[in-house]
Amino acid sequence: MASHPTPACCGTSKAAELLQLSVGTVQSLVDKNILNAWVTEGGHRRISLESIHNYQVQQQKLPALERLINDRLRVMVVDDDDVTRHMLQDTCLAVHAQIDCSAWASAIEALLQLPLFKPHILFLDLLMPQVDGWEMVRQVKLKEDYSNVQIFTYSALSPDELQERGGPPKGASFLPKPLDLGWLKGYLLGMMSPQTRV
């Protein structure tokens, strides 16, 4: 029996890149059956290129939908501490349905995802292995595409310990630990466009 040909497809990250959406938004479109997808025997999600094209055409015909997608606020969290990372991600996602939050355990992973996710706001811990917060801020600032990204660094270091390391990174705001989640919620709401706050 002849097997059916596999449709032209790509992974979730590539689909996000093609559609210029976050990975989370693409996954939501799949869950709503707006994009056609399936899982391979190896457990990888594949998305039909035809459905991606059809969605792009639909966007052009429905400017209101495109405006809705563009109004989403994208936040990236980078922290090697699982508890803090998940707490910040959960807090961001709970603020409003129009907020996407991508969380990564290392600066290396986060830097690779920057061109795909294109965050508006970046929260990162200063003390991380391999690439620390200082170096990540420097790398982000080197890229012209991210000149408008709001960067917040945080750490449990005392003021003296922070100064011994040269102070907070230039070009980024600094938040002491423990982080004020009430402030975070208010800040994120304030960053959203007026029509999406309701």
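So, how was this worked out
- Residues numbered from 1 in each chain as written.
- Predicted model: local features only at pLDDT ≥ 70, side-chain atom pairs only at ≥ 80, totals over all residues.
- Heavy atoms only, no water.
- Helix = DSSP H or I, 4+ residues; strand = E, 2+ residues; numbered from the N terminus.
- Buried < 20%, exposed > 50% of the residue type's maximum accessible area, 1.4 Å probe, protein only.
- Contact = heavy atoms within 4.5 Å.
- Areas by Shrake-Rupley, 256 points an atom, 1.4 Å probe, with all protein chains shown as cover.
- Pairing = 2+ DSSP bridges.
- Arc of directions from axis to C-beta.
- Axes fitted to C-alpha atoms, helices over the stretch in contact; angles between N-to-C directions.
- Parallel < 35°, antiparallel > 145°, perpendicular 65-115°, else oblique.
- Nonpolar A, V, L, I, M, F, W, Y, C, P; charged D, E, K, R; others polar.
- Right-handed = clockwise from strand over helix to strand, strands pointing away.

Draft legend 1. Focus on the overall build of the protein chain. Within the protein chain one finds 9 helices and 8 strands. Sorting the 198 residues of the protein chain into buried and exposed places 42% on the buried side. Considering only intrachain contacts with a sequence separation of at least 6, the fraction spanning at least 24 residues in the protein chain is 64%. Carbon and sulfur atoms provide 52% of the accessible area of the protein chain, an area that totals close to 11,300 Å².

Draft legend 2. Main features of the sheet that holds strand S2 (residues 37–39). Strand order in the open sheet formed by 3 strands is S1-S3-S2, with antiparallel pairing between adjacent strands. Because the sheet does not close on itself, it has two edges, and the strands there are strand S1 (9–10) and S2. Summarising the sheet, S2 and strand S3 (residues 45–48) pair through 3 bridges and their orientation is antiparallel. Bridging across to S3, Trp 38 finds its partner in Arg 46.

Draft legend 3. Quick peek at helix H2 (residues 23–31). Within H2, the full set of buried residues consists of Thr 25, Val 26, Leu 29 and Val 30. For H2, the buried positions fall inside an angular range of 145 degrees around the axis, keeping them on one side. Just downstream of H2 lies Asn 33, where phi reads positive at about 65 degrees.

Draft legend 4. Just the packing of helix H1 (residues 12–19) against H2, in detail. H2 packs onto H1 with a crossing angle of 100 degrees between their chain directions and a minimal axis gap of 9 Å. Taken together, H1 and H2 sit at an angle that is classed as roughly perpendicular. For the pair H1 and H2, contact is made by Thr 12, Ser 13, Ala 15, Ala 16 and Leu 19 and by Val 23, Val 26 and Gln 27, respectively. Considering only residue class, the contact of H1 with H2 consists of 5 nonpolar, 3 polar and no charged.

Draft legend 5. Here's a closer look at the pairing of strand S7 (residues 150–155). In terms of burial, S7 is largely enclosed, as 5 of its 6 residues are buried. Note that strand S6 (residues 121–125) and S7 share 5 bridges and pair parallel. Among the inter-strand pairings, Asp 125 is bridged to a residue of S7, identified as Tyr 154. Each parallel crossover has a hand, and for S6 linked through helix H7 (residues 133–142) to S7 it is right-handed. Two strands pair when backbone bridges link them, and S7 and strand S8 (residues 173–176) are joined in this way by 4 bridges, in the parallel orientation. In the sheet register, Tyr 154 faces S8, and the bridge partner there is Leu 175. Crossover S7 to S8 through helix H8 (residues 159–164) is right-handed.

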